[in-house]
Amino acid sequence: MDNSKKNNVPMSSPEINEEDRQAVMEVLNTTHLSMGPKIDQFEQAVKELTGSRHALAVSSGTTGLHLCIRAAGIEQGDLVITTPFSFISSTNVILFEKAIPVFVDVDPLTGNIAADQLKQAIRDLNRGGKDASRWLPRNLPGKAGRLKAVLSVDVFGQPADYDSLSPVCEEHGLTIIEDSCEALCATYKSKLAGKFGKYGVFAFYPNKQITTGEGGIIITDDDEDAAFMQALRNQGRAPGDAWLQHTYLGYNYRLDEMSAALGLSQIKRLDHMLDSRAQVADWYNRYLQEFPMIETPHVLPSTTRMSWFVYVIRLDKAVDRDEFARRLIANDVPVRPYFLPIHLQPYIAEQFGYRKGDYPVTEALGEHGLALPFSSVMSEAQVEQVCEGIRKSL
Ligand SMILES: *Cc1c(COP(=O)(O)O)cnc(C)c1O
């Protein structure tokens, strides 16, 4: 038997221990499987972790972002600036409300929103006319409304450049929604990701830094919006509403007790798991130095703590990324392109008339990037195994 095939390195892996299992079992031995004490405790733990006035556990990062869009008062036709280099849901939540995502290209080093372009976009959109239209999609579904918000993504666990973004947003009265779904506990100039917007959202899908299975959480310091979002996640029941009374059009975006118990158990080991992830990234950084065709991730000095979410390398333009990926997979190294540009996803390109070439930095990152296997439980031997696969495949 071929020994090398026995221990395939997984693309990602949650870190679940006996304590986690017991925490979930404990809930299953009660009659409270939803809307019980674990949600409160999990929210309390996130409040303490982030120093936020409110934390609202929800069924996913996506549903959390959607509630922020609703709380920000974004309606049909409103403009929301965001980036096409992200996971799809940061744009989808804008579309859920029939608002219009206005894409701004990203910084080539980090994949985060390019601050200079954002400033220009805000100025031009507020000026209107020709200046504005160069930022808008070719096909506008109806009349463009007002620019209301910026949905900024902290890509791969690195916060965006908030010292540049925040003042210009404030100057123009734009709400910042911070998608920190990949950046739990990252810091920008020593301040926590998720705290730069009016709302911040973290996500707990199994490949994230900590997991609840499915799940997410919103943080905010705004009392009124927190109460509104709390109502929306719970079928639109406002505080004081009886069980079958619904003040608003709401959703069932609640997290269940088993998930909250798992999150609560995981969050106790958060620092440890983040350190493990940083260690794996360090190994990769070191072992990959021998490959001149591979560029390792860039962490800016302003990122005082990187919260490693994925490990994405960039290949030299001379390397055929897709062919390389196929060979790696044949060599038992799972890899994935990261991200496929949002403006080129079929339903978005079709609705808004986007074409290849519209966001060149996003497209270049999408074409040459490759996520390697990564998790907090990866060993140095597994990192070496991946690098051996790379050696064979290049
Ligand atoms: C993970 C993630 C989300 C949320 O994903 P869910 O699967 O809905 O929890 C949102 N935005 C980004 C950038 C993400 O990486």
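All values reported here derive from a predicted model rather than from experimental measurement.

## Comments concerning the overall build of the protein chain
- Counting its secondary structure elements, the protein chain contains 14 helices and 13 strands.
- Projected onto its principal axes, the C-alpha coordinates of the protein chain cover approximately 65 × 60 × 35 Å.
- Within the protein chain, the fraction of its 394 residues that count as buried is 56%.
- Counting only contacts in the protein chain whose residues sit at least 6 apart along the sequence, the fraction spanning at least 24 positions is 71%.
- Accessible surface, the protein chain as shown: approximately 17200 Å² in total, 50% of it carbon and sulfur.

## Things to note about helix α4 (residues 89–96)
- Counting buried residues along α4, 7 of its 8 residues qualify, which places the element largely inside the surrounding structure.
- Inspection of α4 places S89, S90, T91, N92, V93, I94 and L95 among the buried residues, and these make up the whole buried set.
- In the core, the buried residues of α4 are packed alongside α3 (61–71), β2 (79–82), β3 (100–103), β4 (147–153), β5 (175–179) and α12 (346–352).
- After α4 finishes, the residue K98 shows a positive phi value of roughly 60 degrees.

## Here we look at the pattern of salt bridges
- Going through the model one piece at a time under the given rule, you end up with 22 salt bridges.
- In this structure, E323 and R327 form a salt bridge, with 3.3 Å as the shortest nitrogen-oxygen distance. Of this pair, E323 and R327 both sit in helix α11 (residues 321–330), 4 residues apart, roughly one helical turn.
- A salt bridge links E367 to K356; its shortest N-O distance comes to 3.9 Å.

## Notes on α11
- All buried positions along α11 are accounted for by R321, F324, A325 and L328. Buried positions in α11, seen along its axis, are confined to an arc of 100 degrees and lie on one side of it. Of the exposed residues in α11, those oriented more than 90 degrees away from the buried face are R326 and A330.
- Buried residues belonging to α11 abut β12 (311–315), α13 (360–368), β13 (369–372) and α14 (380–393).

## Remarks on unusual backbone geometry
- Here the amide bond leading from Y338 into F339 is cis, since omega sits at -15 degrees, within 30 degrees of zero.
- Residues other than glycine seldom take positive phi values, yet M35 does so here, at roughly 50 degrees.
- Turning to its location among the elements, M35 is positioned in the loop between α1 (18–28) and α2 (37–50).
- Phi is positive for C185, close to 75 degrees, though the residue is something other than glycine.
- Counting through the fold element by element, C185 comes out in the loop between β5 and β6 (187–188).

## A look at the environment of F352
- Along the chain, the position of F352 falls in helix α12.
- If we ignore the near neighbours within four places in the chain, the residues touching F352 are L95, I100, P101, P137, R138, N139 and P141.

## Things to note about the nonpolar core
- By size, the foremost hydrophobic cluster in this structure holds 40 residues, and its most contacted members are I177 and I218.
- Going through the elements one at a time, β1 (54–58), α3, α4, β4, β8 (199–203) and α8 (223–233) are the ones with two or more residues in this core.
- Residue contributions to this core peak at 5 residues, all from α3.
- Two domains each put at least three residues into this core: domain 1 (18–267) and domain 2 (270–393).
- Those residues in contact with I218 that sit more than four places away from it in its chain are H54, A55, L56, V58, G64, L67, C68, Y199, G200, V201 and M229.
- Residues L79, V102, V104 and A132 belong to the second largest nonpolar core, which totals 32 residues.

## Considerations on the pairing of strand β9 (residues 216–220)
- For β9, the tally of buried residues reaches 5 of 5 residues, placing the bulk of the element in the interior.
- Judged by which residues are buried, β9 turns out to be covered on both faces: G216, I218 and T220 on one side and I217 and I219 on the other are all buried.
- Bridge count for β1 against β9 is 5 bridges, and the pairing is antiparallel. In the sheet register, H54 faces β9, and the bridge partner there is T220.
- Of the pairings in the sheet, the one linking β8 to β9 comprises 5 bridges and is antiparallel in character. When the sheet's bridge partners are listed, F202 is paired in β9 with I217.

## Quick notes on the packing of α3 against α4
- Where α3 contacts α4, the two axes come as close as 9 Å, and the packing angle between them is 45 degrees. It follows from the interaxial angle that α3 and α4 lie oblique. Once α3 is placed against α4, the crossing between them reads as right-handed. Along the contact surface, α3 presents T62, L65, H66 and I69, while α4 presents S89, S90, V93, I94 and F96.

## Points about a nonpolar patch on the surface
- Side chains of M25, L28 and L33 sit close together on the surface and give an oily, nonpolar patch of about 260 Å² of accessible area.
- Here L33 lies in the loop between α1 and α2.
- Judged by relative accessible area, which is 37%, L33 ranks as partly exposed.

## Considering the site of the ligand
- The immediate surroundings of the ligand are formed by 13 residues, with G61, T62, D179, E182 and K208 found nearest.
- Residue G61 places a main-chain N or O atom 2.9 Å away from an oxygen atom belonging to the ligand.
- Considered on its own, the ligand offers 380 Å² of accessible surface; in the complex 92% of this is hidden by protein.
- Ranked by residues supplied to the shell around the ligand, first place goes to α3 with 3 residues.
- Class assignment for the residues of the shell around the ligand results in 5 nonpolar, 5 polar and 3 charged.

Reading the values: rules and limits
Residues numbered from 1 in each chain as written. Predicted model: local features only at pLDDT ≥ 70, side-chain atom pairs only at ≥ 80, totals over all residues. Heavy atoms only, no water. Helix = DSSP H or I, 4+ residues; strand = E, 2+ residues; numbered from the N terminus. Buried < 20%, exposed > 50% of the residue type's maximum accessible area, 1.4 Å probe, protein only. Contact = heavy atoms within 4.5 Å. Areas by Shrake-Rupley, 256 points an atom, 1.4 Å probe, with all protein chains shown as cover. Salt bridge = Lys/Arg side-chain N within 4 Å of Asp/Glu carboxyl O. Arc of directions from axis to C-beta. Core = buried A, V, L, I, M, F, W, Y, C linked by side-chain atoms within 4.5 Å. Domains from an automatic or database assignment. Pairing = 2+ DSSP bridges. Axes fitted to C-alpha atoms, helices over the stretch in contact; angles between N-to-C directions. Parallel < 35°, antiparallel > 145°, perpendicular 65-115°, else oblique. Left-handed = near helix turned anticlockwise from the far one by under 90°. Patch = residues over 30% accessible without salt bridge, like charges linked within 9 Å, V, L, I, M, F, W, Y side chains within 5 Å. Near = heavy atom within 4 Å. Polar contact = N/O pair within 3.5 Å; in protein donor to acceptor, adjacent residues only side chain to side chain. Nonpolar A, V, L, I, M, F, W, Y, C, P; charged D, E, K, R; others polar.

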